[in-house]
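What follows is each chain in one-letter form.
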Amino acid sequence: MPSYTVTIATGNQWFAGTDDYIYITLVGTDKCSERTLLDKPLYNDFERGAIDSYDVRTSENLGDIVFVKLEKKKYWVHDDWYCRYITVKTPSGDYLEFPCFRWLVGDSEVVVRDGRAFLPQDDKTSLVKQHRQKELQTRRKIYKWKEWQPGFPMSIDANKHRELPRDIQFDSEKGMDFLLNYSKAIENLCVNQFMHMFQSSWSDFGDFEKIFVRIKNTISEYVMEHWKEDFMFGYQFLNGCNPVLIRKCHKLPDKFPVTNEMVSVSLERELTLEQEMEAGNIYIVDFELLDGISANKTDPCTLQYLAAPICLLYKNNQKKIMPIAIQLGQDPKENPIFLPTDSQYDWLLAKIWVRSSDFQIHQTVTHLLKTHLMTEVFGIAMFRQLPAVHPVYKLLIPHIRFTIAINTKAREQLICECGIFDKANATGGGGHVQLVQKAMKTLTYKSLCFPEMIKSRDLESVEELPTYFYRDDGYKVWEATKNFVADVVSIYYGCDERVQEDEEIQAFIKDVCSFGMQDFDHCEFPKSVKTCEELIEYLTVVVFTASSQHAAVNFGQLYLGMYPDEHFIEKPVKQAMEKFRKELTEISSFIKKRNEGKKLPYAYLSPDKIPNSVAV
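Residues numbered from 1 in each chain as written. Predicted model: local features only at pLDDT ≥ 70, side-chain atom pairs only at ≥ 80, totals over all residues. Heavy atoms only, no water.

**Notes on the sheet that holds strand E3 (residues 36-37)**
In space, the four strands of this open sheet follow the order E3-E2-E5-E8, with antiparallel pairing throughout. The open sheet terminates on both sides in strands that have one partner only, identified here as E3 and strand E8 (108-113). Taken together, the two bridges between strand E2 (residues 21-28) and E3 define a ladder with antiparallel strand orientation. Within the sheet, the bridge partner assigned to tyrosine 23 lies in E3 and is leucine 37. Contacts from helix H1 (residues 126-142) reach E2, strand E5 (65-73) and E8, with the element oriented near 45 degrees to E5. (Pairing = 2+ DSSP bridges. Helix = DSSP H or I, 4+ residues; strand = E, 2+ residues; numbered from the N terminus. Contact = heavy atoms within 4.5 Å. Axes fitted to C-alpha atoms, helices over the stretch in contact; angles between N-to-C directions.)

Right under this line is the structure:
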């Protein structure tokens, strides 16, 4: 009588184990095994972190094992169970791997294919084709699109975190980590006192130092010492938390009538302003998106204001970026131009208004829209259109981890009506919604491609801007990510025709554009991909947006290149992963060496600090 040894790994997260009954059925090409209860006498099966083995006996050989079917039935009370993977040792001694990484909730079952990745055109039998179709049909009923606000990217159809599918909810550890980090942030920043200070006028610029009372490190102390200085103001446009707005200025807009006479005292090369622009030494940051956005009026006792400034910057002989003119609104008839030659506090206040505007764009557009919401669009389309056996699903799933959960939490607690934004942010009370709606009209697919984004602002030259570390490190990480994606694509596709024949990848690309982005004409997202190169770029955008770009403007936990859940089992992909990790390690070492001795080290895009996914 043939015997199959089945090994099952239970997850390591809190409450992953179960006391419920677990049954298994092995489905082979010739026949199926009996439905078998997995239970050892006098033994507590399926405890958290456990790896348990069982013998499944059959009357005859089952042929090639195609599926493993797991069923969970209530023992006393419903007890959810997280299964990591199953391995099967056949009577001939072969080992087969079946990645699962799923929660079984209530009385439920899951049917798992072996861990090899297959494109849809490579599935030949009706059995596997039907399984593939059934999985997607089930997912599409669970992962549904919903418009949270008009003009926003589409999001998941869930109002609260607890309404999400169990597989994409925070696990207990992440939920506790989220709560502790939030509490720690509140404590460190003394938010209650901080808010109180804003509800009464500050008496002196020294009050800013109160912000740093609980934040003590070398960088914060340096920033506290130099925050008023022009070089620090300019440096933040290159390597601060929002390094994506500065662009080279070749011609001043009519709405910003800066003259040579106004700024000549700030120019160091004995050139006119026009000549400095021709030489490529003038840069501009325009906060036009904020023009017309409603300021927060939710608390009548606290008046809040928004500005839509324009800032002109100059690269001096030391190649430092220095502000030389600021206009705090888009209409020059109503807004004077402030200059470094103005009184100390007039100039300082103008810079503070620019920083305030930069914060609003950073939080709502650069961070929320272009990383969080966009990654959610990619994630929902992935769940709807790519089965677990698809190689692109296996590639992307680590980079979608917890993203839909954190975004749902944000809609539930942060950016909702009466949420934290309404209580603490100048764009609260609806302004943040207007800002996303306005920013969506300028969001394009190419703006998410890192090299294209840098090129569109004419900032490619390292020689011209040698301290633009966000650009330099971003290029390195983008190329490493693209190389890894290319390795994976080459393993499973190999030629352009294979890409065109893949109905599932085409449906994924189309779902992002037609539903996720609501088919907005201006967004220019592709509706299909025809070549391996186009697919490689697209997938690089997804991975880079969810990991590196988010890291540059925020931060998180499972770091780039770390794949603890082994969705891929094939040796060539594991070799590609190892190559990717090695390349990332080299980039981290380069950045660490470059930062040695710097008073303002830039490490936001060091791969050892880049989280895999948007999870915070």
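Next comes the rest of the description.
**Considering the nonpolar core**
One finds Ile246, Tyr470, Tyr493, Phe508 and Phe525 to be the most contacted residues of the largest nonpolar core, which totals 120 residues. Structurally, this core is a two-domain feature, drawing no fewer than three residues from each of domain 2 (146-175 + 367-609) and domain 3 (242-359). Residues in contact with isoleucine 246, not counting those within four places in the same chain, are Phe237, Leu238, Tyr283, Ile284, Val285, Leu313, Ile321, Arg457, Leu459 and Tyr468. (Core = buried A, V, L, I, M, F, W, Y, C linked by side-chain atoms within 4.5 Å. Buried < 20%, exposed > 50% of the residue type's maximum accessible area, 1.4 Å probe, protein only. Domains from an automatic or database assignment.)

**Side note on the UniProt feature "binding site: Fe cation" (unreviewed entry) in the protein**
The UniProt record annotates "binding site: Fe cation" (unreviewed entry) at His367, His372 and His550. These residues run over 184 residues, yet every pair of their C-alpha atoms falls within 7.9 Å of each other. For histidine 372, the position within the fold is in helix H8 (residues 344-385). A residue is classified by how much of its surface remains accessible, and histidine 372, at 7% relative accessible area, is buried. Here histidine 367 takes part through its side chain, which lies 3.1 Å from a polar atom of the side chain of histidine 372. By relative accessible area, which is 0% here, histidine 550 ends up buried. (UniProt positions renumbered as here; feature names shortened; annotations may be inferred. Polar contact = N/O pair within 3.5 Å; in protein donor to acceptor, adjacent residues only side chain to side chain.)

**Description of the pairing of strand E6 (residues 81-89)**
Where strand E1 (residues 3-10) lies against E6, six bridges are found, and the strand directions are antiparallel. Within the sheet, the bridge partner assigned to valine 6 lies in E6 and is valine 88. The pairing of E6 with strand E7 (residues 95-104) spans eight bridges and is classified as antiparallel. Across the sheet, cysteine 83 pairs through a bridge with arginine 102, a residue of E7. Here E6 hands over to E7 after five residues, with glycine 93 in that stretch at a positive phi of 95 degrees.

**Structural notes on the UniProt feature "binding site: Ca(2+) 2" (unreviewed entry) in the protein**
When the UniProt feature table is mapped onto this chain numbering, "binding site: Ca(2+) 2" (unreviewed entry) sits at Asp39. Position of aspartate 39 among the secondary structure elements: in the loop between E3 and strand E4 (51-57). Judged by relative accessible area, which is 48%, aspartate 39 ranks as partly exposed. Every residue in contact with aspartate 39, bar those within four places of it in the chain, is listed here: Asp45 and Tyr54.

**Here we look at the pairing of E2**
Consecutive side chains of a regular strand alternate in pointing toward one face of the sheet and then the other. Taking burial as the measure, the eight residues of E2 include seven buried ones, the bulk of the element. Here E2 runs beside E5; their pairing, made up of eight bridges, is antiparallel. When the sheet's bridge partners are listed, isoleucine 24 is paired in E5 with leucine 70.

**A few points about the domain arrangement of the protein**
Often the size quoted for an interface is simply the accessible area lost on bringing the parts together. Split into domains, the protein comes out as domain 1 (3-115), domain 2 (146-175 + 367-609) and domain 3 (242-359). Here the C-alpha centre of domain 3 lies 31 Å away from the C-alpha centre of domain 2. With 26 residues of domain 2 in contact, the opposing surface of domain 3 contributes 26 residues. Taken over both partners, the interface formed by domain 2 and domain 3 buries close to 2,100 Å², and the fraction arising from carbon and sulfur atoms is 54%. For the interface between domain 2 and domain 3, the tally reads one salt bridge. Residue glutamate 464 is joined to lysine 248 by a salt bridge in which the shortest nitrogen-to-oxygen separation is 2.4 Å. Put simply, domain 2 and domain 3 have 17 residue pairs in polar contact (both at pLDDT 80 or more) between them. Within the residue set of the side of domain 2 that touches domain 3, elements represented by two or more residues are helix H11 (420-424), helix H12 (431-440), helix H13 (450-456) and helix H17 (532-553). Its residues placed into classes, the side of domain 2 that touches domain 3 shows 11 nonpolar, nine polar and six charged. (Buried area = accessible area lost by both parts, 1.4 Å probe. Salt bridge = Lys/Arg side-chain N within 4 Å of Asp/Glu carboxyl O. Nonpolar A, V, L, I, M, F, W, Y, C, P; charged D, E, K, R; others polar.)

**Topic: the packing of aromatic side chains**
Each aromatic ring pair is described using two quantities: the centre-to-centre distance and the angle formed by the ring planes. Tallied over the entire structure, the rule returns 21 aromatic pairs. Ring centres of phenylalanine 383 and tyrosine 393 lie 6.2 Å apart, and the angle between their planes is 70 degrees; this geometry places the pair in the edge-to-face category. Within this pair, whereas phenylalanine 383 is found in helix H8, its partner tyrosine 393 is found in helix H9 (residues 391-400), the two being separated by 10 residues in sequence. Across the pair, exposure class does not vary: phenylalanine 383 and tyrosine 393 are buried alike. An aromatic cluster is present here, built from Phe450, Tyr468, Tyr470, Tyr475, Trp478 and Phe544 joined pairwise through their rings. Cation over ring: arginine 355 sits above phenylalanine 237, and NZ or CZ is 4.5 Å from the ring centre. (Phe/Tyr/Trp six-rings, centres within 6.5 Å; stacked < 30°, edge-to-face > 60°. Lys NZ or Arg CZ within 6 Å of the ring centre and 35° of its normal.)

**Describing the packing of helix H16 (residues 503-516) against H17**
In the contact formed by H16 and H17, the axes pass within 13 Å of each other and the chain directions differ by 50 degrees. In this view, H16 runs oblique relative to H17, as classed from their interaxial angle. Classified by chirality, the crossing of H17 by H16 is left-handed. Together, Ile505, Phe508, Ile509 and Val512 of H16 and Leu535, Tyr538 and Leu539 of H17 make up the contact between the two elements. (Parallel < 35°, antiparallel > 145°, perpendicular 65-115°, else oblique. Left-handed = near helix turned anticlockwise from the far one by under 90°.)

**Notes on the sheet that holds strand E13 (residues 310-315)**
In space, the five strands of this open sheet follow the order E11-E12-E13-E14-E15, with antiparallel pairing throughout. Both outer strands of the open sheet, strand E11 (247-248) and strand E15 (337-338), are each paired with one neighbouring strand and no more. With two bridges connecting them, E11 and strand E12 (residues 282-286) associate as antiparallel partners. Counted as the bridge partner of lysine 248 is tyrosine 283 from E12. Along the sheet, helix H5 (residues 230-239) contacts E12, E13 and strand E14 (321-327); its crossing angle with E14, the most-contacted strand, is approximately 95 degrees. Against the sheet, H8 contacts E14 and E15, and its axis sits at roughly 90 degrees relative to E14.

**Things to note about the packing of H8 against H9**
Across the interface, H8 lies against H9 with an axial gap of 10 Å and an inter-helix angle of 140 degrees. Taken together, H8 and H9 sit at an angle that is classed as oblique. The crossing of H8 and H9 is left-handed. Residues Thr375, Gly379, Met382 and Phe383 of H8 form the contact with H9, whose participating residues are Tyr393, Leu396, Ile397, His399 and Ile400.

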